[in-house]
Amino acid sequence: MRILSDNQLNKFPSIEVLSKTAMMSSTKLKSRFKQIYGMKLYEFYNRHRLEQAKEMLSTGKFSVKQVGVNIGFSNLSNFAKAFKKEFGVLPKEVLKSK
């Protein structure tokens, strides 16, 4: 969980790296993680970085593009889609409300 919550992490680490760090098989890691946190590894990672994006946009100090790139999205359309799916609004709407 700590690795996936790292604010400096710009891309999802491989399952192999995560399982070696946790000292367990990838199958066991995936199943235990879901059991404890109620979601898959990538879902957790993605939710965390989208929460981070929402916080950044709420400050009004960053553009949607800056935030998307900062949290690791190279395609802003994908960022907007993921953000809307998670929060029900587009990133620019959060920015406008500030």
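In short, a report on the structure.

Rules used in this analysis
- Residues numbered from 1 in each chain as written.
- Predicted model: local features only at pLDDT ≥ 70, side-chain atom pairs only at ≥ 80, totals over all residues.
- Heavy atoms only, no water.
- Helix = DSSP H or I, 4+ residues; strand = E, 2+ residues; numbered from the N terminus.
- Contact = heavy atoms within 4.5 Å.
- Buried < 20%, exposed > 50% of the residue type's maximum accessible area, 1.4 Å probe, protein only.
- Phe/Tyr/Trp six-rings, centres within 6.5 Å; stacked < 30°, edge-to-face > 60°.

Comments concerning the side chain of S19
Then comes step 1: The topology assignment puts S19 in helix α1 (residues 15-22).
Then comes step 2: Not counting residues up to four positions away in its chain, the partners in contact with S19 are M24, S25, S26 and L29.

Quick look at the environment of Y37
Then comes step 1: Tracing the backbone through its elements, the reader meets Y37 in helix α2 (residues 26-37).
Then comes step 2: Looking at Y37, the relative accessible area reads 34%, which means it is partly exposed.
Then comes step 3: In this structure, the C-alpha to C-alpha distance between Y37 and M1, residues 36 residues apart in sequence, is 8.9 Å.

Observations regarding the packing of aromatic side chains
The geometry of two aromatic rings is summed up by the distance between their centres and the angle between their planes.
Then comes step 1: A full pass over the atoms with the stated rule returns nine aromatic pairs.
Then comes step 2: Ring geometry for F73 versus F79: centroids 5.4 Å apart, planes at 50 degrees, classification tilted.
Then comes step 3: Residues F79 and F83 carry aromatic rings whose centres are separated by 5.8 Å and whose planes lie at 65 degrees to one another, so their mutual orientation is edge-to-face. Taken as a pair, F79 and F83 lie in helix α5 (residues 76-87) at a separation of four residues, close to a single helical turn.
Then comes step 4: Connected via pairs of aromatic rings, a cluster forms that spans F73, F79, F83 and F87.

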